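# A structural walkthrough
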Amino acid sequence: AQSVTQLGSHVSVSEGALVLLRCNYSSSVPPYLFWYVQYPNQGLQLLLKYTTGATLVKGINGFEAEFKKSETSFHLTKPSAHMSDAAEYFCAVTSMNSGNTPLVFGKGTRLSVIA
Amino acid sequence: EPEVTQTPSHQVTQMGQEVILRCVPISNHLYFYWYRQILGQKVEFLVSFYNNEISEKSEIFDDQFSVERPDGSNFTLKIRSTKLEDSAMYFCASSESLARTDTQYFGPGTRLTVL
């Protein structure tokens, strides 16, 4: 079975500082990995995804993530945090053979940005 | 930009009552999903739906749950006899295909409170 662990339920950074949100996955087959963001009172919006090919994936709003198979990680980063980045971030995993579960999510990490 | 919508945003019900959560998927999408998130826990897959049939379902999706596409636009989740533990945020999603690499687009969720 696949699983996702997001370290830190709440991360707080200063405006302009590096954002690093951690995601580790467990999968016995090549994974497809996703980061979603949820702003208050809105749906989950796709930030970026990794399926195959280049392991460094760039997404919207200046975010990027790197798939590291050896570390089973897919951490999300942004060089400089903006106040508008404050939201809940979800990492999710699936695969070609994920059984009956299209997406397996982590618990989410709430990002706060301090002025 | 097309988006998935859900109504109501918040539903309060008494234990044992039936509730229907409604979703309008993106118009050209053919695959629909329900997920839920109990407070403080992970987003969990419930069911996927295509061509008026359930494609996949999780262990959570037992006989008290049902899904339906009553017309050309709505997709509903019915809980027949609500329990306290059904209190959660319910997310609807849609995608163009069932390919695991395809992006699922999520609605803002319905918060269900069972008293």
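Residues numbered from 1 in each chain as written. Chains lettered and ligands numbered in written order. Predicted model: local features only at pLDDT ≥ 70, side-chain atom pairs only at ≥ 80, totals over all residues. Heavy atoms only, no water.

Bringing the overall build of chain A into the picture now. When helices and strands are tallied, chain A shows 0 helices and 12 strands. Listing the helices and strands of chain A from first to last along the sequence gives β-β-β-β-β-β-β-β-β-β-β-β. Overall, the C-alpha framework of chain A stretches about 45 × 30 × 20 Å when taken along its three principal axes. For chain A, buried positions account for 46% of its 115 residues. Within chain A, residue pairs in contact and separated by at least 24 positions form 58% of the contacts whose partners lie at least 6 positions apart. Averaging the locations of the 8 positively and 6 negatively charged side chains of chain A gives two centres separated by 6 Å. (Helix = DSSP H or I, 4+ residues; strand = E, 2+ residues; numbered from the N terminus. Buried < 20%, exposed > 50% of the residue type's maximum accessible area, 1.4 Å probe, protein only. Contact = heavy atoms within 4.5 Å. Lys, Arg positive; Asp, Glu negative; His and termini not counted. Charge placed at Lys NZ, Arg CZ, Asp CG, Glu CD.)

Further remarks concern the side chain of A:Thr94. Inspection of the secondary structure puts A:Thr94 in strand 10 (residues 87–95). The class for A:Thr94 is buried, based on a relative accessible area of 0%.

The next thing to look at is unusual backbone geometry. Residues and elements named next belong to chain B. In the segment running from Thr7 into Pro8, the intervening peptide bond is cis, with an omega of -10°. Along the polypeptide, Pro8 turns up in the loop between strand 1 (5–7) and strand 2 (10–13). With a phi angle near 65°, Asn52 is a residue other than glycine that sits in the positive phi range. Following the sequence through the fold, Asn52 ends up in the loop between strand 5 (43–50) and strand 6 (53–57). We classify Asn52 as exposed; its relative accessible area is 57%.

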